[in-house]
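Structural overview
One-letter residues, chain by chain:
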Amino acid sequence: MNDYFAPCLEPQAVNAISALGLAHVGDGVWDLLVRTYLCAHGSVTSKNLHQSTVAHVSAPAQARVVDQLLPNLSEEELTVYKRGRNAHVSAVPKNATPGEYAKATGLEALFGYLYLTGRTERVNQLFAAAMGEDDHAA
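What this report covers is the structure whose coordinates are included nearby. For every chain, the first residue of its written sequence is number 1, and the numbers climb from 1 along that sequence. It should be noted that, the model being predicted, local features are given only for residues of pLDDT at least 70 and side-chain atom pairs only at 80 or more, the latter also being counted only at that level, while totals for whole chains, interfaces and linings use all residues. Note that the side-chain values use all heavy atoms of the structure and ignore hydrogens as well as water.

1. Notes on the nonpolar core
- Residue types Ala, Val, Leu, Ile, Met, Phe, Trp, Tyr and Cys, when buried and joined through side-chain atoms within 4.5 Å, form a set referred to as a nonpolar core. Residue burial is assigned from relative accessible area. The probe radius is 1.4 Å, only protein chains are included, and a residue is buried under 20% of its type maximum, exposed over 50%, and partly exposed in between. In terms of nonpolar packing, the biggest core is built from 30 residues, with Trp30, Leu69, Leu107, Phe111, Leu126 and Phe127 touching the most fellow members.
- A helix here means a DSSP run of H or I that spans at least four residues, while a strand means a run of E at least two residues long, and both kinds are numbered starting from the N terminus. Residue assignment for this core shows that the elements contributing at least two residues are α2 (19-40), α4 (59-69), α5 (75-85), α6 (98-116) and α7 (120-130).
- Contacts were defined at the residue level, with two residues in contact if any of their heavy atoms lie within 4.5 Å. Apart from the residues within four sequence positions on either side, Leu69 is in contact with Leu107, Leu126, Ala129 and Ala130.

2. Concerning the side chain of Thr105
- Mapped onto the secondary structure, Thr105 falls in helix α6.
- Those residues in contact with Thr105 that lie beyond four places of it in its chain are Leu20, Ala23, Gly84, Arg85 and Val89.

3. Notes on the packing of α6 against α7
- With their axes 7 Å apart at the nearest point, α6 and α7 run at an angle of 150° to one another. Our classification of the angle between α6 and α7 gives roughly antiparallel. Every residue of α7 that contacts α6 at Leu110, Phe111, Leu114 and Tyr115 is listed here: Thr120, Arg122, Val123, Leu126 and Phe127.
- Only Asp, Glu, Lys and Arg are considered charged, only Ala, Val, Leu, Ile, Met, Phe, Trp, Tyr, Cys and Pro nonpolar, and every remaining residue, Gly among them, polar. Per-class residue counts for the contact of α6 with α7 are seven nonpolar, one polar and one charged. An axis is simply a line fitted to the C-alpha atoms; with a helix, the fit covers only the stretch in contact. Between two such axes, the angle follows the N-to-C directions and lies from 0 to 180 degrees. Under this scheme an angle from 65 to 115 degrees is roughly perpendicular, one under 35 degrees roughly parallel, and one over 145 degrees roughly antiparallel; angles in between are oblique.

4. A word on the environment of Gln12
- In this fold, Gln12 is placed in helix α1 (residues 11-15).
- The exposure class assigned to Gln12 is exposed, which follows from its relative accessible area of 57%.
- Counting along the chain gives 81 residues from Gln12 to Pro93, while the straight-line C-alpha distance between them is 31 Å.

5. A word on the packing of aromatic side chains
- Between 30 and 60 degrees the pair is tilted, below 30 it is stacked and above 60 it is edge-to-face, where a pair is any two Phe, Tyr or Trp rings, Trp via its six-membered ring, whose centres lie within 6.5 Å. Applying the stated rule across the entire model yields three aromatic pairs.
- Taken together, the ring pairs in this structure connect Trp30, Tyr37, Phe111 and Phe127 into an aromatic cluster.

6. Some remarks on the pattern of salt bridges
- What counts as a salt bridge is simple: a side-chain nitrogen of Lys or Arg found within 4 Å of a carboxyl oxygen of Asp or Glu. Across all of its chains, the model carries four salt bridges by this definition.
- Its salt-bridge partner being Arg35, residue Asp31 comes within 2.7 Å of it at the nearest N-O pair. Taken as a pair, Asp31 and Arg35 lie in helix α2 at a separation of four residues, close to a single helical turn.
- We classify Arg35 as partly exposed; its relative accessible area is 45%.
- The salt bridge partner of Glu76 is Arg119, with a shortest N-O separation of 2.9 Å. With Glu76 in helix α5 and Arg119 in the loop between α6 and α7, the pair connects residues that are 43 residues apart, well separated along the chain.

7. Digging into the environment of Val25
- By the secondary structure assignment, Val25 is in helix α2.
- The exposure class of Val25 is partly exposed, given its relative accessible area of 27%.
- Val25 sits 86 residues away from Phe111 along the chain, and the two C-alpha atoms are 7.9 Å apart.
- The residues contacting Val25, other than those within four sequence positions of it, are Gly112, Tyr115 and Leu116.

8. Remarks on the packing of α4 against α7
- At a minimum axis distance of 10 Å, the contact between α4 and α7 shows a crossing angle of 105°. The orientation of α4 with respect to α7, classified from their angle, is roughly perpendicular. Side by side, α4 and α7 meet where Val65, Gln68 and Leu69 of the first sit next to Leu126, Ala129 and Ala130 of the second.
- For the contact of α4 with α7, the per-class residue count stands at five nonpolar, one polar and no charged.

Have a look at this one:
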């Protein structure tokens, strides 16, 4: 793979990555999407951008997104989500419950999986639905 900005790994290569590895990539993908969304929608001060970003990337916020997106996931996506959700983490942030953190890890694993397999259109669909853009429903 030579294009790390737009990867397109084979599913078996992505399946060889640990659930927490997928979540690690997905965390970065989610963070970049949130930052892009906020800038594109007019949040211009650095203080507001940071506070808004933190509000969207927190485990409780991501857990709420999961509840919203779950009914629209394919079987494959649900399997990846559950793999991430069930991963054994060593610590849970103080601002989240273990359940919220597990859901957030599952969401991040799903976004990492979709990104690494080159399914950016699906990433965009799910993210738009998460942000309440009705014309992009999952």
